[in-house]
Amino acid sequence: MTDRETILSRVRGALAPLKPRAALPEWDHELASLRRDLSGQDLMAVFAERLRLVNGLALTDLAALAAYLRENKCLHGYCDPDLLAECSPALGSDFTVETTFDRSRVDDYQFGITRATGGIAESGTLIFKDHIRSPRLAALAPWVHIAVIRKSEIFTDIPQAIAALGQDPNIIWVTGPSKTADVEGILIEGVHGPGVQIALVLP
Amino acid sequence: MATQPIDQFSKRLRPDTKASVYDGSKKGHEKRTQVLFDRFPDANRLREIAGEIKQHVVENLDTYLPQVEAKLQANGVKVHWAATAAAANEIVLAIMRARGATKMVKSKTMVSEETELGPFLEKNGVECVETDLGEFIVQIDHDHPSHLVKPIIHKNRRDIATSFEKHGLGAYNDDPEVITRRARAHLRAKYLTADVGLTGANFISAESGRLVLVTNEGNSRFCLAATQCHIAMVGIEKILPRDHDLGLFLNLLARSATGQSLTVYTEFISGPKAPTQPDGPEEMHVILVDNGRTDVLASECRDILRCIRCGACLNVCPVYRQASGHAYRSVYPGPVGAVLSPLLAGEKFPAMADLPKASSLCGACHEVCPVNIPIPDLLLRLRDKAKQEHVPSPGTPPMGMWSLLASQPAAWKTALLAGKLLDYLPTSLVPVPALRAWEGSRSLPAWRGGKFRRWMQQRTPGPHPKTP
Ligand code: SF4
């Protein structure tokens, strides 16, 4: 007998005496959503506020981004080629920006600008899908990660974002910078991934 | 007479370990309560529904397992089945060998703790690096995790700094920030040179075959961004029926585990990377692991298979807080472990049969469980199982004397009189070892036996209280 047959026959044997079996309950989406909480509010404002609560930062224009990067002396980084035309005028000539992410020197990039496909207001979450070609590593390895989304792409809450998962083989939701509290419960950011997570919300 | 095994463990804990565990678990619980009950109008209803959904899955695994297999295969995933821990490990090794791979990075998975995958691979010449910070520290210390979501709750910064120094990760420095940065640099190189990334899964949707993985550190994402092959080791009970059920469970999991509304990284993986994506695995394997779960399914305690490993029951448990995780001598500590470990132990059940007894049945675990598992009931069922199977219980005071007294009024009265003596006699002279052990860490209240009977005899019955 293969392991598959062994397991399935054990499962059937274990369940045979169970009649009837527990039914699958339906549940009302309202139950798990905080939508009423958010109704009538500006989703962008909620998103920015919730992102701030998880120590992320939401910016709404490129000039503010350039100022932030300059202030933190992050002048060398990666930018998704699809975003370059939009970003480079604001970044100015003091920046050096690469459009391929070389995995043999991941620590050379101080920032990575990649495309996100949306956000979730309730939790301050950014959504990334694989079919957008921005490399997974460019969103993960640099200390500062900037995710570019459009204002219209912000969902209200988790159930809504789940309903819109679609067909992509790999989707990741990112809610704030990478963090741990493994050492004595003390919060430290930038464990493996970014220590600074920025959402750049463009019109 | 010896005390119960769990008490012996608790007694051997260093005071600062005890403090770490106590504070860590208490903090976890307080945060959870806030974030769950502030945000949802009816958080308990959420728990009940989530429990019903998982119970439905558990009782219909015969339908769901083939369904999940078909979905995964349609998504381009290679599906493997492992009846035992050894089989699961062999499958992993075979995949590595077929690729000529010698390096693996892995993110935290409890199933791989069950199968002891790491040591097995190392023995077979495969480097296997734990990437979750806590698990990494456990690995370099050759230790075991002591909590489901906070594996090193039993260590403080000085312990960790010492291990890092011993392991060649820089001179002694116990600043948590420095510790974390050093791990970042060390593990980064590991991700980028590994060929295979191994993860578990928190959920699999039967509707889409999507695996859902949650982490805060981003280590599993790094595993899946830097390597070419993804292996997921998953217990057969991890299924959810529909994608939209994820909305409910994700809302509950992080809140119950760490008091966050959502973990930092939530991944939905339904297959190898998209062709246009430069990074990530082109090959994906899912290993569906039984390793004792079908025995649990056949038992009267199958409800425990609903568990989503959030750790909330550990945080709230007065016994866990005192004893820490290692006292449970198995992969799963705390209340969930007291139920699951004896069951997963199979023939070694007698060696674990003391765990269900190490509980005051206070019910706190049931109250916090996001899938509403009636843990105290299950503990009672396991106590009964031990009794039926005549498993001896060392360290538990025998009840024979008590039942003799309780069934013979004259003997009972004499015992009550003798009880008074306790007020005058130092307990060290009392010939009951269990009582002496108990007194080791507590003090006995003054004896007040016999008052109830006197009161009962002298009382004049009043009018019956009205029932509302
Ligand atoms: S038994 Fe419930 S509370 Fe305990 S870890 Fe499992 S899901 Fe969480």
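Residues numbered from 1 in each chain as written. Chains lettered and ligands numbered in written order. Predicted model: local features only at pLDDT ≥ 70, side-chain atom pairs only at ≥ 80, totals over all residues. Heavy atoms only, no water.

Student: Explain the overall build of chain B to me, using residue names and the numbers behind them.
Tutor: Looking only at helices and strands, one finds 23 helices and 10 strands in chain B. A compact globule built from 468 residues would reach a C-alpha radius of gyration of about 23 Å, and chain B, at 25 Å, matches this within 12%. Over its C-alpha atoms, taken along the principal directions, chain B stretches across nearly 90 × 55 × 45 Å. The burial tally for chain B puts 57% of its 468 residues in the buried class. Summed over its atoms, the accessible surface of chain B is roughly 19700 Å², and 56% of this surface lies on carbon and sulfur atoms. Put simply, chain B has 58 plus and 49 minus side-chain charges, and the middle of one group is 7 Å from the middle of the other. (Helix = DSSP H or I, 4+ residues; strand = E, 2+ residues; numbered from the N terminus. Rg over C-alpha atoms; globule rule 2.2 N^0.38 Å. Buried < 20%, exposed > 50% of the residue type's maximum accessible area, 1.4 Å probe, protein only. Areas by Shrake-Rupley, 256 points an atom, 1.4 Å probe, with all protein chains shown as cover. Lys, Arg positive; Asp, Glu negative; His and termini not counted. Charge placed at Lys NZ, Arg CZ, Asp CG, Glu CD.)

Student: Give a description of the interface of chain B and chain A that names residues and reports values.
Tutor: Residue-level contacts link 94 residues of chain B with 73 residues of chain A. Interface area for chain B against chain A, summed over the two sides, is near 7200 Å², with a carbon-plus-sulfur share of 59%. Area buried by chain B at its contact with chain A is led by Arg184, Arg221 and Phe268 of chain B, which between them contribute 9% of it. Note that Arg21 of chain A and Asp62 of chain B form a salt bridge whose closest N and O atoms lie 3.0 Å from each other. In this structure, the connection of chain B to chain A is made through 43 residue pairs in polar contact (both at pLDDT 80 or more). At 10 residues, the largest contribution of residues to the side of chain B that touches chain A is made by helix 10 (residues 176-193) of chain B. Counted by class, the side of chain B that touches chain A contains 44 nonpolar, 24 polar and 26 charged residues. (Contact = heavy atoms within 4.5 Å. Buried area = accessible area lost by both parts, 1.4 Å probe. Salt bridge = Lys/Arg side-chain N within 4 Å of Asp/Glu carboxyl O. Polar contact = N/O pair within 3.5 Å; in protein donor to acceptor, adjacent residues only side chain to side chain. Nonpolar A, V, L, I, M, F, W, Y, C, P; charged D, E, K, R; others polar.)

Student: Go over the pattern of salt bridges, please, and point to the residues and values.
Tutor: Pairing between side chains of opposite charge can happen when the charged atoms of each approach one another. On inspection of all chains with the given rule, the structure shows 33 salt bridges over all chains. Close ionic contact of Glu69 of chain B with Arg4 of chain A constitutes a salt bridge, the shortest N to O distance being 2.6 Å. You can see Glu69 of chain B sitting in helix 4 (residues 61-74) and its partner Arg4 of chain A sitting in helix 1 (residues 3-15), one on each of two chains. A relative accessible area of 9% places Glu69 of chain B in the buried class. Close ionic contact of Arg105 of chain A with Asp102 of chain A constitutes a salt bridge, the shortest N to O distance being 3.3 Å. What makes Arg105 of chain A partly exposed here is its relative accessible area of 28%. A single network of salt bridges, built from pairs that share partners, joins Glu98, Asp102, Arg105 and Asp108 of chain A.

Student: Break down the side chain of Asn315 of chain B for me, with residues and values.
Tutor: Relative to the assigned elements, Asn315 of chain B resides in helix 14 (residues 312-316). A polar side-chain atom of Asn315 of chain B sits 2.8 Å from a polar atom in the side chain of His147 of chain B.

Student: Can you tell me about the packing of helix 1 of chain A against helix 4 of chain B, naming the residues and giving the values?
Tutor: Orientation of helix 1 of chain A relative to helix 4 of chain B, taken along the N-to-C sense of each, is 150°, at an axis distance of 9 Å. Taken together, the axes of helix 1 of chain A and helix 4 of chain B are roughly antiparallel relative to one another. Residues Arg4, Leu8, Val11, Arg12 and Leu15 of chain A of helix 1 of chain A form the contact with helix 4 of chain B, whose own contacting residues are Leu61, Asp62, Leu65, Pro66 and Glu69 of chain B. When its residues are assigned to classes, the contact of helix 1 of chain A with helix 4 of chain B shows six nonpolar, no polar and four charged. (Axes fitted to C-alpha atoms, helices over the stretch in contact; angles between N-to-C directions. Parallel < 35°, antiparallel > 145°, perpendicular 65-115°, else oblique.)

Student: Can you explain the environment of Glu217 of chain B? Please cite residues and give values.
Tutor: Relative to the helices and strands, Glu217 of chain B resides in the loop between strand 6 (211-215) and helix 11 (219-226). Residues Glu217 of chain B and Leu252 of chain B, 35 residues apart in the sequence, show an inter-C-alpha distance of 19 Å. Setting aside chain neighbours within four positions, we find Glu217 of chain B in contact with Ser178, Lys179, Thr180, Asp182, Val191, His192 and Gly193 of chain A together with Thr131, Asp132, Leu133, Gly134 and Tyr265 of chain B. Polar contacts involving the side chain of Glu217 of chain B include one to the side chain of His192 of chain A, which spans 2.9 Å.

Student: Residue-level account of the domain arrangement of chain B, with values.
Tutor: Its domain assignment divides chain B into domain 1 (6-293) and domain 2 (403-441). The centre of domain 1 of chain B, based on its C-alpha atoms, is set 50 Å off from the matching centre of domain 2 of chain B. (Domains from an automatic or database assignment.)

Student: Can you tell me about a nonpolar patch on the surface, naming the residues and giving the values?
Tutor: On the surface, a nonpolar cluster with roughly 370 Å² of combined accessible area is contributed by Phe452, Trp455 and Met456 of chain B. The residue Phe452 of chain B is located in helix 23 (residues 451-458) in this model. (Patch = residues over 30% accessible without salt bridge, like charges linked within 9 Å, V, L, I, M, F, W, Y side chains within 5 Å.)

Student: Break down the site of the ligand for me, citing the residues and quoting the values.
Tutor: Lining the immediate surroundings of the ligand are 13 residues, of which Cys307, Cys310, Gly311, Cys313 and Cys369 of chain B lie closest. For the shell around the ligand, the residue count by class is 11 nonpolar, one polar and one charged. (Near = heavy atom within 4 Å.)

Student: Describe in detail a positive patch on the surface, supporting the description with residues and values.
Tutor: Residue and element names in this part refer to chain B. Together, Lys420, Arg448, Lys451 and Arg454 make up a positively charged patch on the protein surface. Its location among the elements puts Lys451 in helix 23. The exposure class assigned to Lys451 is partly exposed, which follows from its relative accessible area of 48%.

Student: Can you break down the state of the cysteines residue by residue, with the values?
Tutor: For the structure shown, the criterion picks out zero disulfides over all chains. Free cysteine: Cys362 of chain B, not disulfide-bonded; nearest cysteine sulfur from Cys365 of chain B at 6.2 Å. (Disulfide = S-S within 2.5 Å.)

Student: Lay out the environment of Val138 of chain B with the relevant residues and their values.
Tutor: All names here are of chain B. Inspection of the secondary structure assignment puts Val138 in helix 8 (residues 133-140). The exposure class assigned to Val138 is buried, which follows from its relative accessible area of 5%. When the C-alpha atoms of Val138 and Pro278 are compared, they prove to be 33 Å apart, with 140 residues separating the residues in sequence. Dropping the residues within four chain positions of it, Val138 is found in contact with Asp143, His144, Pro145, Pro151 and Ile152.

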